[in-house]
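Chain by chain, the residues run as shown.
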Amino acid sequence: MGDRRLILLVDEQPERQADLASTLEQEGFSVRLVSAGSEAQRLIEDAHLVLLVLGPAGGPSRALLQHLVARDDNGLGPALIALVPAEERAAVLAALRLGAEVVRTPVDPEELLARMTRCLHMRQRVNDLTTRVNSLERLSITDGLTQVHNHRYFQDRLREEFRRAQRYDDPLSLILVDLDHFKNFNDEHGHQVGDTVLCDVAAALQRSVRETDLLARYGGEEFAILLPRTPLAGALTVAERVWREVGALRTGPERLLAVTASLGIASFPHQAVNSPEQLVRSADQALYRAKSEGRNRICLHATPVPLDGSVPR
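Attention here is on the structure that accompanies the text. Values in this document were obtained by computation on a predicted structure and should not be read as measured data.

For the rest of this paragraph, the subject is unusual backbone geometry. T105 connects to P106 through a cis peptide bond whose omega is 5°. In this model, H181 sits at a positive phi of 55°, which is unusual for a non-glycine residue. Checked against the element boundaries, H181 lands in the loop between strand 6 (172-179) and helix 7 (182-189). Within the chain, N296 stands out as a residue other than glycine whose phi angle is a positive 55°. By the secondary structure assignment, N296 is in the loop between helix 10 (276-292) and strand 12 (298-300). Judged by its relative accessible area of 33%, N296 is partly exposed.

As a further point, take the pairing of strand 6. With eight of eight residues buried, strand 6 is to be regarded as a mostly interior element. Along strand 6, one buried face is formed by L172, L174, L176 and D178 and the opposite face, lined by S173, I175, V177 and L179, is buried too. Pairing between strand 6 and strand 8 (residues 222-228): seven bridges, direction antiparallel. Across the sheet, S173 pairs through a bridge with L227, a residue of strand 8. Bridge count for strand 6 against strand 11 (residues 261-268) is eight bridges, and the pairing is antiparallel. For L172, the partnering residue across the bridge sits in strand 11 and is F268.

Pairing is mixed in the open sheet, where five strands are placed in the order 7-8-6-11-12. The open sheet has two edge strands with one neighbour each: strand 7 (214-219) and strand 12. Here the average twist between neighbouring strands, direction ignored, is 20°. As defined by bridge partners, strand 7 adjoins strand 8 across five bridges and the pair is classed as antiparallel. Its bridge partner being in strand 8, R217 is matched across the sheet by F223. Strands in contact with helix 6 (residues 151-168) are strand 6, strand 7, strand 8 and strand 11; relative to strand 7, the strand with the most contacts, it is inclined by about 130°.

Among all positions of helix 1 (residues 18-26), only L20, A21 and L24 are buried. Across the axial projection of helix 1, the buried residues extend over an arc of 100°, all falling on one side. Facing away from the buried side of helix 1 by over 90 degrees, the exposed positions are D19 and Q26. Buried-residue contacts for helix 1 involve strand 1 (6-11), strand 2 (30-35), strand 3 (49-53), strand 4 (79-85) and helix 5 (109-140). Directly after helix 1, the chain includes G28, whose backbone phi takes a positive value near 100°.

The rules behind each value
- Residues numbered from 1 in each chain as written.
- Predicted model: local features only at pLDDT ≥ 70, side-chain atom pairs only at ≥ 80, totals over all residues.
- Heavy atoms only, no water.
- Helix = DSSP H or I, 4+ residues; strand = E, 2+ residues; numbered from the N terminus.
- Buried < 20%, exposed > 50% of the residue type's maximum accessible area, 1.4 Å probe, protein only.
- Pairing = 2+ DSSP bridges.
- Axes fitted to C-alpha atoms, helices over the stretch in contact; angles between N-to-C directions.
- Contact = heavy atoms within 4.5 Å.
- Arc of directions from axis to C-beta.

Such coordinate-based values are descriptive only and should not be taken to indicate function.
Right under this line is the structure:
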């Protein structure tokens with residue numbers, strides 16, 4: 001094995017494991033021989049596999065075993081093998097019940113190497129699977145074109161944040177951003193240029209919002225920005241930054257096309273906003289006003305929105 005994977009060999013009396021450490025080094029591993037306790041815990045992050053010599057009940061090695069198993073439950077830990085004296089049946093059972101791989105001591109080097117190889121391979125498979133699952137999860141909540149969050153994820157977070165705002169009496173604001181005359185980009189320059197415009201605008205919006213804000217493609221040429229724990233005044237500050245950033249943008253194949261946007265803002269608490277749906281309707285009403293008053297501007301929600309969702313004309 002030439003990849004020099006790091007093995008943490010942990011014992012309450014580490015000096016007695018010098019021979020085993022030497023054997024593993026000869027097999028191509030990089031071995032750190034450490035005592036159980038805080039020293040081992042500091043080095044866990046860098047280890048590929050931990051060989052833990054299990055000591056008496058109540059000792060630091062038992063506490064470390066429980067710590068490692070708990071980390072492994074979260075998919076965060078290295079592979080783990082407990083080295084337990086063959087005659088200590090209770091210790092063997094305790095390690096097995098916690099979910100650790102067990103090798104009885106005195107160690108048979110060939111058996112230990114075989115189990116180490118298996119554990120390392122299994123851990124790599126788990127890591128690869130975790131990476132794939134995380135990638136699929138990101139894809140499921142991401143708009144394929146603009147790479148910001150998609151509409152479904154926005155709706156989920158909207159409901160979640162609204163419940164939190166109601167429960168803790170926190171402000172919550174929403175900005176809807178609609179590109180002005182976007183159809184012209186597609187009609188005059190083609191849909192490929194239209195897609196470029198959307199991607200560039202999404203990047204500009206991402207630069208304009210804060211880390212705590214949620215940016216999503218709401219549909220077509222419309223984007224939504226959810227601002228947790230943000231009152232109307234704070235939302236207006238973000239909206240003005242977004243409006244300026246979009247107005248300064250030059251997009252298209254040769255970066256010559258200008259784009260403007262209309263923005264509508266609504267906030268909770270408000271007499272007309274008692275649900276996530278009403279927050280969206282209120283922001284949509286403000287956006288409609290921005291469009292009807294000439295576009296390329298920001299409007300705030302001020303008047304109640306009918307519960308049937310219709311927008312006053």
